[in-house]
Every structure is written in structure tokens, then in C-alpha cells.
Amino acid sequence: MLTLFLVLAVQTASAQEKTVSGTVLETEGPLPGANVLVKGTSNGTQTDFDGKFTLSNVNSTDILVISYVGFKNVEVPVGNQTSITVTLEPDNTLEEVVIVGFGSRTKELSTSAISTVTGKDIENLVPSTSLDNALQGKAAGVQVVGANGRPGQTAFVQIRGIGSLSASTTPLYVVDGVPIDANDVNNINPNDIESFSILKDAATVSLYGSRGANGVVLITTKKGKSGEARINFNSSIGFSQRIPDPFDLLDARGKLDIERQFAELGVAAAQSLPGATSTPEELAALIDLDTDWENELLRQGFIQNNSLSISGGDDKLNYFLSLAYSKNTGIIDRIDGFERTSLRLNTSYQAKEWLRVDTKISLSRNTSDLPRDRNNVQNPFRALYDYNPYEPLFLRDADGNIQTDENGDNVFNPTSTGFPIARALETEPEDNRNFLIIGSLGANIKLSDKFSNNFLVGATSNRFNRTNRSLPGGVLQGFVGDANFPGTQTDNASIDLRYNVTNTLSYKDTFNEVHNLQADFLLDYVERIFTSQFSTSRGFPSPDIPFQDVATEAQTAGSNEIRNRLFSQGLFLTYDYNRKYVASASIRRDTSTRFGPNNQEGYFWSGSLAWNLTNEDFLANNSTISNLKLRGSLGTAGNQAIGDFQFLNLAGFSTFNGNPALIPFGLGNPNIQWEAQRTLDIGVEWGLFKNRLNGVVDFFQRNSDELLLPRPLSSTQGDLDNSVVTNVGEIENQGLEVSLNYDVVRNSNIRFSVGGNISFQLNNEVVSLLDGADIINGNTILREGEELNTFFLPRYAGVNPANGAPLYLDQNDAITDNFSADFQTLLEGKSPAPDIQGGFYTDFSWKGFSVRSDWAFQTGNYILNFQRQAGVAIGNIDANLRTEALNFWRQPGDTDVLPSPLFQATADQTSTRFLEKGDFLRLRSLTVAYSLPSSFTEKLFISSLRIYGTGQNILTVTGFEGDPEVGIGSAETSAPGNAGFVAGAFNLFSYPQTRSYTFGVEVGF
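Read on for an overview of the structure.

Rules used in this analysis
Residues numbered from 1 in each chain as written. Predicted model: local features only at pLDDT ≥ 70, side-chain atom pairs only at ≥ 80, totals over all residues. Heavy atoms only, no water. Pairing = 2+ DSSP bridges. Helix = DSSP H or I, 4+ residues; strand = E, 2+ residues; numbered from the N terminus. Axes fitted to C-alpha atoms, helices over the stretch in contact; angles between N-to-C directions. Parallel < 35°, antiparallel > 145°, perpendicular 65-115°, else oblique. Contact = heavy atoms within 4.5 Å. Nonpolar A, V, L, I, M, F, W, Y, C, P; charged D, E, K, R; others polar. 1 Å grid on protein atoms, 1.4 Å probe; cavity = no way out; pocket = protein on both sides within 12 Å on 5 of 7 lines; lining within 4 Å. Points joined across faces, edges and corners; volume = space filled by probe spheres on them. Core = buried A, V, L, I, M, F, W, Y, C linked by side-chain atoms within 4.5 Å. Buried < 20%, exposed > 50% of the residue type's maximum accessible area, 1.4 Å probe, protein only. Phe/Tyr/Trp six-rings, centres within 6.5 Å; stacked < 30°, edge-to-face > 60°. Lys NZ or Arg CZ within 6 Å of the ring centre and 35° of its normal. Salt bridge = Lys/Arg side-chain N within 4 Å of Asp/Glu carboxyl O.

What follows covers the pairing of strand S24 (residues 451–470). Moving residue by residue along a regular strand, the side chains alternate between the two faces of the sheet. Pairing between strand S23 (residues 430–446) and S24: 17 bridges, direction antiparallel. Looking across to S24, one finds that Ile-438 is bridged to Thr-460. Here S23 folds back onto S24 in antiparallel fashion, the turn holding four residues. Of the strand pairs in this sheet, S24 and strand S25 (residues 488–511) are connected by 20 bridges, and their pairing is antiparallel. Of the residues in S25, the one forming a bridge with Thr-460 is Arg-498.

Laid out in C-alpha cells, this is it:
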């Protein structure tokens, strides 16, 4: 009898379980991504693009909880229903939250200038192997320039201009509360990103004290949400190619012809070239060898991205797990390119009502065998411009047949340079490996209704290995090798360990229901331990054994260790009166081991105010103005991003007459201290028509003083550079930032939004320098009262139509056909920094179809076009040239021409002749996608299916003779960390930006 009762009970329960489908709407149409959850369980799902959902294993007695951020939750008893339609109403009491550093705050009560970029905003740019590139044009006041097109290369990111002349100007990156090195950003999987919060003004950057002077980029990774497990798989594949040049190179016929013409004019370097010495038959044979070196050295790159994530949770535990693989071969042939594999696990556990424990860990490994970025014969990008088109990839015999070696392999042509770069890519391999771990453990303890404590331990560990080889019989062996010791190898290894321990004690209370006060007390300890070692050996029995223990001779080896520490205490206060008037203040003390014992401590403060006019009675029921807030802030921050031990006298060890010797090479300054910054910000945030039209306007002024600059010393004082680093100098930045977003159309079928941001550089001035003296840095200058890094060049005045001589302006503005380096003149208003920059987007969707475009632009900057100079230089007649080189002066009266080849000595000089405007408008990305309707995906037992295609850098409008997006001109000529480096000042055959097309599918389960 009991058995029969149990069977009937099970059958009855099973009969009550059913599948419920429905649609979730908001006032203007379907609501995709809404959560539908059976109350009290983890059984749930999300709505698709059409706002539709299907949920199985539902009982008639269940209650569905339907929720979406920014809307009021709705609970629906299931009962006998199998189809449910629900309309959610906006929740005006739910505030948007912004991350402000060491915590979060509702946007309504924020007094800060913060730009937020969501993961959705950058999802179309995921093929960028370094996620900082995806920020270009996304946030006002944030200049992002691709350093170059090298896969895995991080970008140049500057927030509100240049804040230092010698220390780093890169912002501080913080991932889930853990500071990381800017060079490690390319190890993070872009698909793991929930949002970027870019802190720009004193109200927030002062919270980071000595590390906040250049702004702070807070990266928040994804976490799980309550409900059943959600599985998302995203896979794309595509290709990349070099962006075509806006000019042509000479072909074999044209190059031979210009050699002949130069020789006939008497140019000595052309007399021995084939165009001048070959017979007609030989010329015809050379023309038949016409070679496109771009096709021989480059290829169509291959791009692949795969990402799998699983997330979910309940009222106690949520989790997010992801695994990703990315590959970008780049466009250089004969190498593998860049690869990255990453794994992430984020969990949050409500262990007790008063205790939440958060753990986050990510592992990432990337490899790259891309050649070093240099300006010499070892650079394939210089080679494709330099190699003569009548020189083929492989050597030919007298009959025109390809020559082979004793193994039957084709013999590479050394070309007129003597260096066959195509073969060098095979015989001179360089392999780089990075293994990065970022982890944190946090505990949030609710001590009482008013007190709470947040404790975090975080760490990053980056293990770097490089193997640089010149194989036996390789190209470089003929230049620097030894036949008795064939092959060389250098191995570098380093471990960069950084850890931080952060504790924040918080107090929060409300008095008389209108006075709200929050106080946070911070203790923060950060330490870095960097160790490195290297070894070099020569004489390898086989190119297939890349281990130094088989080498004949060990040559050199070395190791070092660097440690620095930072200990901080801070007090942060926030008060608001009835959510109308908000005031914030902070004070922080930092103690850094990078400075001498007398100056290790620095104090940084801020104060800020905000007025929410929307909460005033006179705007309470305004149907037009939905948001209006005025705010202002003033405060200080510091910059400790300088080299270690500059407060100490330094010495090195060497030998003298065969004995160990101590050699002084650096004079220390025990009085050096922080570079200090003071920032003023005044802003207004507004929204109209229920925020369908909204924007932000900010004015800022930033003064950086106590700048670290070299003070000249007598050569007898024992410093290799005859200088000592001293706190002198001041610079000032002023700017205006505007952001605007508008939902043009938003209904059940069509959505169309536009938006963007623009930043105006109002002032970028050198206020003071050491003794008021100019600092000349090659082709740029620092001068009091002038713009930073203004170009300092001789002024080109055209070509003398009478004889073809190049003309210049001398110091007295008189035209002359002489040239002197003393003609260098400050070019007012011409610098590498843009006057205006920004980006904008359009986003259109109709039912399941969507089209989004993202644009970036800048204007007012200048670039010294060294590549154009090389392409028309008379002295480069032994290399290939641009077709422009044929347009030289030939007879009296010629105008709009290049100088006569007879004036090489003065014509090839660096001057304003090669200084060009760097203005551009670039279609950064264009994505076309289609999300299949739920009626189709249900049949496939999946929750969503999106198919998309994305193009990047597919259109550029510019007048620059080359690619205008210049970061590094040439890394081994000038790169970040080098004295006097100025981003974007010149181009010099660095890895070019690329155009890419990817096609993918995203599936949700």
C-alpha cells in the first residue's frame, strides 16, 4: 500500500513539472538578457535578443522572479500558465554603480570624473591581442595609440596629456584590486572583462597617491550570477594584411631608369649601378626579374580566437570560469607570430551572513617569435622598401634559373645590402615566452550595521624567458660569428613578483534620515621583487639542439635583483545631504624606498563637491531634464615611476690590468623626491528625455612640478652622463572633454544609437626648466612658455627654380641654399601631441540584425616622416625609392619638384620638408551580426546563437604620406624608457598597423 502511494506521489509531482515560455518587455520593446529564475532555486535562464525565454522543470506552485539591472523585479506565480508575458518598469531607486578605487559608489553620489567602458563596448575589438588597444576612441581624455601593429604589442595610453618629462607617463593598471605592470596587459583575455573604469581627476587618482599621477585604469573581470549554469562559447577566425601605402615604389624598369638618369647627371653613387652599367640585353633580363618584395617577405596573417566560459551560482556561491586561446601569426612570413592561452576562475562565497570570501585567479601564457623592432638590415619592413625590384628572392644563374645549394635548397639572394633578411628570419630565431599569474584572496567582513572591513591579498608573477639564437651557418655568423665556434645562443630569464596587502576599514551611517556619512581607513603594502639572469654560449653541434650545455664554449653570464616597497595609509571621507549635496575628501601618506631616507614620505590630498540638481524640488517632476549634476574637484597625486637607486652613488665592477676594478658611473642625489601633480576638474553631467540623450562635459587643469631632470655636472665628478637627477621644472596641461550619447530610435523592432567623445587640448605648456635653459632632444625641444616637445627643425623653403638647389631659412629668416644644423628653429604649434582627439560610434539593430561602427580620430599633431625621407633620398640611390623620386628638378623654371640630384649634401637633410600633419579619421571596427530567434535556437537545445563578421582598420582618411597612427617609430632607435622618448614623433620602419577581417559564432547554452 505504501509503495502504491509513493508511485502515485511521484507521478503527480512529475505531472506538475512543465516547460514555461514567454517574453520579457520594457516600455519600448523586448528586453534581451533579462534573468528569469524560479524563486528559491538555481533553475533559471536569460531572455534572448527578442526578449523571449524558455524554462523547463517548472512546477505549478513555483514563482518566477524576473529581473534586469535598472528595472524593478517582478514575481509571477506559475499556476496553470505555460506562456507568460511580463513588462518591467524602470527602477528609479536603483542607481548605476561606478568603481572609484578601493570600493564603489553610486553614480549619483560620485564627485569624480570617471569614464566607464563596458566589456560589451569592446567585444567587437576582441581580435586585438592586447586589450588596451580596444580603448582607442572609447573614453574622453584618454589618448590610445597603437605602439605599432606587432601582434601582442601593448598600446600607448595617456590620460589627460603628458604629466612628466622623464618619469613614466603610463597609467596605473589595477585588475580586481591587484596592480599589474602595463606591459602585462596583453596577457589578459579580453572576453573576461566586465568593465574598465578610467579615473582621471584628483577626487579618485589621489586615492592612489604616488602611483596615481598618470591616471588609473581599473579593470573589473566578470563574475557569475544567480541561476542555472550559463555556458558561452565564442569562436572566430580571420586574416590580417598590411594597410596599403598611399604611394608607390618603383618597379624594376623605373628603378633602373632613375639609376641611369642619376648617373648621367654625374651622381657618383649611381655610376656603378646596373641602370648605368648594363647592356640593353642585361637591362631586359633585369626587368624580367621584377620582384615585389612585399609579396616575398610578408603574407596574409592568420587570426584565431576561441573562448569558453561557464558561470552561475545561487544565493551563497557564484562562479565564473573561462578558458581562451588566441593566435595571430602577424604578416611577416616564415615565423609563427603570437599565441596566448589563458585560464580564469572567479568565485564569491557568502560563508556567513557577516562574511563574504572572494577568490580570483588567472593564468596566462603567451609566446612570440617576432623579430626585434630595429632600423637596420635586420628589419623586414625596411627591407621591403629598400631591396631593389630587379633583385629576386633567390639567386639566378646566367640562364635565369634559381640556384640551389648542395642540399638542393634554393639559395637566398643576399641583395645589394649583403643581408638576405628572408633567410635571416629562419637562421636567427628569437623566441619569447611569458607566463603570468594574477591572483587575489579577499574577505569582506560585516562587523556591525555601521562598520565593515575589506581585506585583500593580491599578487602577480610574470616569468619571462627569451632564447635568441644564430644558427650554425646562419646569416649573422658571416658578420659576427667564428668559424671555429659555429652558432651562438643567449638565454634570458626573469621573474617579476609583485604583491600587495590591502585593508580597508569602513564606517557608514545616516543621521536624521538626510545626513549620510562614509569614512574609509586604508592600509596598503606593495612590494616588487625582480630577478633576472642571462647566459651566452657559442659553438653548437646542431641547429636542432637549443641548449647551452652542448655548446663548445660558455662566453658570458650575469644576474641581478631589484626590490622596492611602498607602504601607504589613507583616510577617505564622503558626505551627502539628502542625495542633493555631496562632498568628498581624502588624505594619503606614501612611504617609498625609491627615494632617499630624507624624502621617502609623501602626502597627497583631494577635495571634491557635487550638486545633484535633479533631486531638487524645482526639477523633481521635470519631464525633460532627467539628470543634471555639477561637480568639481581639486587635489594632488605623485609619480614614483622612476629608476631605482637614483638617490645613491653607484659603481660597477670591471677589470683593470687583469685585476678586478670598481668603476664609479652614477652620482646619486639623496634629496630627490616625488614628482607632484595638482589637478583641478570642473564638470557637468546631464540627461534629457529619460536619459535618451545624455552627456558629460569636463574642464581640467593639471600642473606637474618637482619634475625630475638631469642637472649638468663637471666631468671630474664621476658620473658617466655628467649629470645628476634633480627635482626641477614644471609643466601645465589644460583640456576640455565632451561625451555625448543619444538613443535616436528605440522601439520593439528598431534601435539606433549614436555617441562619442571629443577632447580639446587647450594648453600643454612648459612652465619652468632648470635655470630656464632649453632642453633639445634631437628634433624636438622643451622651452619655457612653449608647448611640450615642440618640433625643432631647420625650415625648408622649397627648390630654387633656376638651378634645382634646395632652399632653407636661416636664423634671420633669410632664404639661402646653404644648410646648417644651426638653422634649427622652434616650430610654434607643431608637436607630436594632437590638439583634438576622440571617437564616435553608430549602433543599429533591427530584430536580430545589428550593425555597429566605431571610429577614432585626431588632428593637430605632426609627425616627422623619416620613411618618406628615406624613400626619396638622393643618397639612397643604391636602394629602391618611391615613384615620387622621379619628380626631381631637370631644367630652369621647374617648380613643385624635388631638388636636383646634384645637391645631395643639402637636399637629404632632416628638415620641415619631411614634417607632416598626422590628422586622421579611422574606421576602427565595423561589425555586422545576426542573432537567431528563440524559435530556432530552441530546436537546437541552445539558448542563443549569434553569427558575426568584423573588420578592423578598414578605412583611413588622412593626408599623411604613410600610416598616421604612429607610436613607436623604431623601438631600438627610441622607445619607452629611453631618455627623451616622445611617442608618435617620427616613423622609421616599425611594424605597421594592419587591417583584419574576422568571422565568428557565439553560442549560449
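At a closest axis distance of 8 Å, the pairing of helix H4 (residues 252–265) and helix H6 (residues 280–288) adopts a crossing angle of 140°. In this view, H4 runs oblique relative to H6, as classed from their interaxial angle. Touching Ala-252, Arg-253 and Leu-256 of H4 are Leu-283, Leu-286 and Ile-287, all from H6. Of the residues that constitute the contact of H4 with H6, the class distribution is five nonpolar, no polar and one charged.

A separate point is empty space enclosed by the protein. On inspection of all chains with the given rule, the structure shows eight cavities of 30 Å³ or more. Roughly 100 Å³ of volume is contained in the second largest cavity. Forming the walls of the second largest cavity are 16 residues, and the residues nearest its centre are Gln-136, Gly-137, Gln-837, Gly-838 and Phe-857. Looking at the lining of the second largest cavity, the elements with two or more residues in it are strand S12 (142–146), strand S38 (750–768), strand S46 (836–846) and strand S47 (849–859). Tallied by class, residues from the lining of the second largest cavity come to seven nonpolar, nine polar and no charged.

Counting 53 residues, the largest nonpolar core has Phe-262 and Leu-864 as the members making the most contacts within it. If you list the elements that add at least two residues to this core, you get H4, helix H7 (293–297), helix H8 (380–386), helix H9 (421–427), strand S41 (790–793), strand S48 (862–865) and helix H11 (866–872). Beyond its immediate chain neighbours, meaning those up to four positions away, Phe-262 contacts Val-267, Ala-270, Ile-874, Ile-877, Phe-888 and Pro-901. By size, the runner-up hydrophobic cluster in this structure holds 24 residues, among which are Ala-139, Val-178, Ile-193 and Phe-196.

Another point: unusual backbone geometry. Unusually for a residue other than glycine, Arg-160 sits at a positive phi of about 60°. Structurally, Arg-160 is set in the loop between strand S13 (155–159) and strand S14 (172–175). By relative accessible area, Arg-160 is classed as buried at 4%. Of note in the backbone geometry, Asn-691 takes a positive phi value of approximately 65° without being a glycine. The topology assignment puts Asn-691 in the loop between strand S33 (675–688) and strand S34 (693–705).

Our focus in this paragraph is the packing of aromatic side chains. Working definition: an aromatic ring pair is given by the centre-to-centre distance plus the angle between the planes. Inspection of the entire model under this criterion finds 23 aromatic pairs. An angle of 80° between the planes, with centres 5.6 Å apart, marks the rings of Phe-262 and Phe-888 as edge-to-face. Taken as a pair, Phe-262 in helix H4 and Phe-888 in the loop between H11 and helix H12 (904–907) lie far apart in primary sequence, 626 residues in all. Comparing Phe-262 with Phe-888, the two get one shared label, buried. Judged by centre distance (6.2 Å) and plane angle (15°), the rings of Trp-846 and Phe-849 are stacked. The class of Trp-846 is partly exposed, set by a relative accessible area of 40%. Of the aromatic side chains, those joined through ring pairs into one cluster are Tyr-796, Tyr-808, Phe-819 and Phe-823. Lying across the ring of Phe-485, Arg-538 places its NZ or CZ 4.1 Å from the centre. The ring of Phe-920 has Arg-922 sitting right over it, with the charged end atom 5.9 Å from the ring centre.

Looking now at the pattern of salt bridges. According to the stated counting rule, one finds 47 salt bridges in the structure shown. One salt bridge connects Arg-242 with Glu-294, and the closest N-O pair in it is separated by 2.7 Å. Residue Arg-242 is found in strand S18 (residues 227–242), and its partner Glu-294 is found in helix H7; the two are separated by 52 residues along the sequence. One salt bridge in this structure joins Asp-496 and Arg-528, with 3.0 Å as the shortest N-O distance. Linking Asp-496 in strand S25 with Arg-528 in strand S26 (residues 515–538), this pair joins segments that are 32 residues apart in sequence. Residue Arg-528 is classed as buried on the basis of its relative accessible area, which comes to 18%. One network of salt bridges, with partners in common, ties together Arg-160, Lys-200, Lys-629, Arg-631, Asp-681, Glu-685, Asp-698 and Glu-737.

What holds strands together in a sheet is hydrogen bonding between their backbones, with the strands either parallel or antiparallel. Across the sheet, which stays open at both edges, the three strands sit in the order S49-S48-S52 with mixed pairing between neighbours. Every interior strand has two partners, whereas the edge strands, strand S49 (915–917) and strand S52 (986–987), have only one.

Another aspect to go through is the pairing of strand S20 (residues 317–328). The pairing of strand S19 (residues 301–313) with S20 spans eleven bridges and is classified as antiparallel. Bridge pairing in S20 places Ile-310 opposite Leu-321. Adjacent in sequence and paired antiparallel, S19 and S20 are bridged by three residues. Sheet topology note: the S20/strand S21 (residues 338–352) ladder contains twelve bridges and is antiparallel. If you follow Tyr-325 over to S21, its bridge partner there is Thr-341.

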